[in-house]
Amino acid sequence: MPMRAMPERDGRVYRKIAYGPLLDVFLIDMRSYRDSTWNKRDDNSETFILGAAQLALAERELLASNATWKVIAADLPIGFDQ
């Protein structure tokens, strides 16, 4: 989807959008920072999909959010290996 260029974002597409006190939407970019081997190994401890700056922003903003609803919008399915 086309996006308007915003110099303050320095080309990144991940961000948080607040919709009043009830909803914060966190948009994450799971394609631009993905390690090319993230799903090709048995040991994924050294792989990444979000990138350090995006992960730090997401953690910081999620912890700081006082919204009733926090929605994470991702371009890939989110799952946990167990």
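Along each chain, residues carry numbers from 1 onward, in the same order as the chain's sequence is written. Owing to the predicted nature of the model, reporting of local features is limited to residues with pLDDT of at least 70; listing and counting of side-chain atom pairs is limited to 80 or more, with chain, interface and lining totals taken over all residues. To get the side-chain values, all heavy atoms of the structure are used, and hydrogens and water are removed first.

**A look at the sheet that holds strand β1 (residues 15-19)**
Two modes of strand pairing occur in sheets, parallel and antiparallel, and in both the strands are linked by backbone hydrogen bonds. Any two strands with at least two DSSP-identified bridges between them are counted as paired. Numbering of helices and strands starts at the N terminus; helices are DSSP runs of H or I of at least 4 residues and strands are runs of E of at least 2. Strand order in the open sheet formed by 3 strands is β1-β2-β3, and the pairing between neighbours is mixed. The strands lining the two open edges of the sheet, one partner per strand, are β1 and β3 (69-73). Strand-to-strand twist of the sheet, defined as the mean angle between neighbouring strand axes without regard to direction, takes the value 20°. Here 5 bridges tie strand β2 (residues 23-27) to β3, and the two strands are oriented parallel to one another. Following the sheet pairing, F26 is matched in β3 by I72. Orientation is described by lines fitted to C-alpha atoms, with helices fitted over the stretch in contact, and by angles between N-to-C directions that extend from 0 to 180 degrees.

**What about a nonpolar patch on the surface?**
Where nonpolar side chains cluster on the molecular surface, the patch consists of L62, I72 and I78 and spans about 250 Å² of accessible area. Turning to its location among the elements, L62 is positioned in helix α1 (residues 52-64). Residues form patches when they are more than 30% accessible in relative terms and have no salt bridge. Like charges link within 9 Å. Nonpolar side chains (Val, Leu, Ile, Met, Phe, Trp, Tyr) link within 5 Å. Each accessible area is a Shrake-Rupley estimate made with a 1.4 Å probe; only the visible protein chains count as cover when residues are assessed. We define a salt bridge as a side-chain nitrogen of Lys or Arg found within 4 Å of a carboxyl oxygen belonging to Asp or Glu.

**What to know about the pairing of β1**
Note: β1 against β2, 5 bridges, orientation antiparallel. Bridge pairing in β2 places R15 opposite L27.

**Concerning the side chain of D29**
Along the chain, the position of D29 falls in the loop between β2 and α1. Any residue under 20% of the maximum accessible area for its type is buried, any over 50% is exposed, and the rest in between are partly exposed; the area is computed with a 1.4 Å probe on protein chains only. Owing to a relative accessible area of 6%, D29 belongs among the buried residues under this scheme. When residues no more than four places from it in sequence are discounted, the contact partners of D29 are V13, Y14, I49, L50, Q54 and D75. Any pair of residues with heavy atoms lying within 4.5 Å of one another is described as a contacting pair.

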